[in-house]
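# Close look at the chain arrangement
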Amino acid sequence: MTNYKPKLAIVYASATGHTECLARMIADASVRQGLHPDVFPVRKFDLAELSRYDIVLIGTYTWMNGEIPKQLQRLFEAIEQQHGDLITGVFGTGDRCFATYCGAVNLFRDMLHAKTQLAATLKVEQMPSAEDRPRCEAFVKSVRVKYSQHSEILPAAKS
Ligand SMILES: Cc1cc2nc3c(=O)[nH]c(=O)nc-3n(C[C@H](O)[C@H](O)[C@H](O)COP(=O)(O)O)c2cc1C
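Residues numbered from 1 in each chain as written. Predicted model: local features only at pLDDT ≥ 70, side-chain atom pairs only at ≥ 80, totals over all residues.

## So, the packing of helix α1 (residues 18-32) against helix α4 (residues 133-151)
- Across the interface, α1 lies against α4 with an axial gap of 9 Å and an inter-helix angle of 60 degrees. Our classification of the angle between α1 and α4 gives oblique. α4 is crossed by α1, and the crossing has right-handed handedness. Contacts from M25, I26, A29 and S30 in α1 reach R133, C136, E137, F139 and V140 in α4.
- Tallied by class, residues from the contact of α1 with α4 come to 6 nonpolar, 1 polar and 2 charged. (Axes fitted to C-alpha atoms, helices over the stretch in contact; angles between N-to-C directions. Helix = DSSP H or I, 4+ residues; strand = E, 2+ residues; numbered from the N terminus. Parallel < 35°, antiparallel > 145°, perpendicular 65-115°, else oblique. Left-handed = near helix turned anticlockwise from the far one by under 90°. Contact = placed C-beta atoms within 7 Å. Nonpolar A, V, L, I, M, F, W, Y, C, P; charged D, E, K, R; others polar.)

## Brief notes about the nonpolar core
- Of all hydrophobic cores here, the largest spans 38 residues; its most connected members are I10, I26, L57 and I58.
- Elements supplying a minimum of two residues to this core: β1 (8-12), α1, β3 (55-61), α2 (73-80), β4 (87-94), α3 (103-115), β5 (117-125) and α4.
- Per-element tally for this core: the top contributor is α1, with 6 residues. (Core = buried A, V, L, I, M, F, W, Y, C linked by C-beta atoms within 7 Å. Buried ≥ 20, exposed ≤ 12 C-beta atoms within 10 Å, placed from the backbone.)

## Focus on the pairing of β3
- For β3, the buried fraction is high: 7 of the 7 residues fall into the buried class.
- The alternating pattern of β3 places I55, L57, G59 and Y61 on one face and V56, I58 and T60 on the opposite face, and all of these are buried.
- Relative to β3, β1 runs parallel, the two sharing 5 bridges. Residue pairing across strands places I10 opposite L57, the latter belonging to β3. (Pairing = 2+ DSSP bridges.)

## Looking at the sheet that holds β1
- If you walk across this open sheet you meet the 5 strands as β2-β1-β3-β4-β5, and the pairing is parallel. Strands with a single pairing partner mark the edges of an open sheet, and in this sheet they are β2 (37-41) and β5. Across the sheet, the mean angle from the axis of one strand to that of its neighbour is 15 degrees, orientation sign disregarded.
- Pairing between β3 and β4: 7 bridges, direction parallel. Along β4, the bridge assignment pairs Y61 with T93.
- Along the sheet face, α4 touches β3, β4 and β5 and points at about 175 degrees away from the line of β5.

And the structure:
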């Protein structure tokens, strides 16, 4: 057994605050489950730091026609280049009025499924509420389980 705590980054983009609120709820759930997340709006996240993390959780709103916000494009491309051992999750907010509800979550999900160890996805309509807390807890739990399962087959922890 080891006391190693996985290094967790939560990186999000938010134009009007909904996804930021969801990121904070997921960070709170992570802390309750014994993790120590580093939380970044994407403009403050140095892509060179990506390889330092065992787990990266991405938060996105959705723009016109189901698109990924421009600020997240470089992160999307950088994760595409990562080693396949990165544990990931994607969460986001959207609006069912639009034809492609949370389309950016779907686009991240498909890439993360192909290129990383995708643990979970979570979609919330507009501003999250207290009712979404159990969903945030379940999201983080899925991430922890995926990390535990995957780390059993990995040779060493990160320094
Ligand atoms: C111009 C515009 C286009 C949008 N397009 C979509 C869309 O295609 N799909 C969707 O689910 N939501 C869409 N939305 C809704 C936002 O994604 C939603 O309000 C989200 O919660 C905003 O997150 P934020 O507060 O973190 O910026 C759009 C909103 C605006 C203003």
